[in-house]
Amino acid sequence: MDKRYMALGTSMLVLKLLAQESMYGYQIIRQLEQQSQNVFRLQEGTLYPVLHTLEHQGAVTSFQQTAENGRLRKYYQITEQGKRLLNEKLQEWQTYETAVNQIMGQALPAAGGVAFE
């Protein structure tokens, strides 16, 4: 998957996960991988700038909590402002997706079978 496509929606995906539950960084990375069947595979160096930007925007807050293994972890949770931002991003995504589908068509041939004249 071209990483440029991933960059477009990373903050939206992170907000969507945090709308489900508060998570720490590594947990966010694993959930993105798991729920996308390994399409979205972020490195910590990619995720943390996104989280810091969202925190600066007031979309998420963070808190520290001791994990079951005794380690102190930094968790992130979505704010009301973050929920509004997520809804805005979802509307933008739906507009984008609709426009692309209108141009490309809903059903494309299987990968490897695409031929253009």
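As shown above, the structure is provided for reference.
Residues numbered from 1 in each chain as written. Predicted model: local features only at pLDDT ≥ 70, side-chain atom pairs only at ≥ 80, totals over all residues. Heavy atoms only, no water.

Engineer: How do you make sense of the pattern of salt bridges when you look at a structure like this?
Structural biologist: Following the criterion strictly, the structure yields three salt bridges and no others. Its salt-bridge partner being Arg-30, residue Glu-33 comes within 2.6 Å of it at the nearest N-O pair. Remark: Arg-30 and Glu-33 occur in helix α2 (residues 25-35); sequence separation between them is three residues, near one turn of the helix. Residue Glu-33 is classed as buried on the basis of its relative accessible area, which comes to 10%. Taking the shortest distance from any N to any O, the salt bridge between Lys-83 and Glu-80 comes out at 3.3 Å. (Salt bridge = Lys/Arg side-chain N within 4 Å of Asp/Glu carboxyl O. Helix = DSSP H or I, 4+ residues; strand = E, 2+ residues; numbered from the N terminus. Buried < 20%, exposed > 50% of the residue type's maximum accessible area, 1.4 Å probe, protein only.)

Engineer: Before we go on, may I ask you to explain the sheet that holds strand β2 (residues 60-66) in this structure?
Structural biologist: The strands that make up a sheet are held in pairs by hydrogen bonds between backbone atoms, and each pair lies either parallel or antiparallel. The antiparallel open sheet is built from three strands, whose spatial order is β1-β3-β2. The sheet is open, and its two edges are formed by β1 (23-24) and β2, each paired on a single side. With seven bridges connecting them, β2 and strand β3 (residues 72-78) associate as antiparallel partners. Bridging across to β3, Ser-62 finds its partner in Tyr-76. (Pairing = 2+ DSSP bridges.)

Engineer: I'm lost on the packing of α2 against helix α3 (residues 44-56) in this one. Help?
Structural biologist: When two helices pack together, their arrangement is given by the angle between the helix axes and the distance between those axes. Direction vectors running N to C along α2 and α3 enclose 110°, while the axes themselves pass 10 Å from each other. One finds that α2 runs roughly perpendicular with respect to α3. Crossing handedness for the pair α2 and α3: right-handed. Contacts from Gly-25, Tyr-26, Ile-28 and Ile-29 of α2 reach α3 at Glu-44, Leu-47, Tyr-48 and Leu-51. (Axes fitted to C-alpha atoms, helices over the stretch in contact; angles between N-to-C directions. Parallel < 35°, antiparallel > 145°, perpendicular 65-115°, else oblique. Left-handed = near helix turned anticlockwise from the far one by under 90°. Contact = heavy atoms within 4.5 Å.)

Engineer: Which parts of the structure should I look at to understand the nonpolar core?
Structural biologist: Proteins that are soluble and globular tend to have nonpolar side chains buried together. Counting residues in hydrophobic clusters, the biggest one holds 20 residues, and the most contacted among them are Val-14, Leu-15, Leu-18, Ile-28, Leu-47, Leu-51 and Leu-54. Every element with two or more residues in this core is listed here: α1 (3-20), α2, α3, β3 and α4 (80-104). Among the elements that line this core, the one with the most residues is α1, at five residues. When near neighbours in sequence (up to four residues on either side) are disregarded, Leu-18 contacts Met-23, Ile-28, Leu-51, Val-60, Tyr-76 and Ile-78. (Core = buried A, V, L, I, M, F, W, Y, C linked by side-chain atoms within 4.5 Å.)

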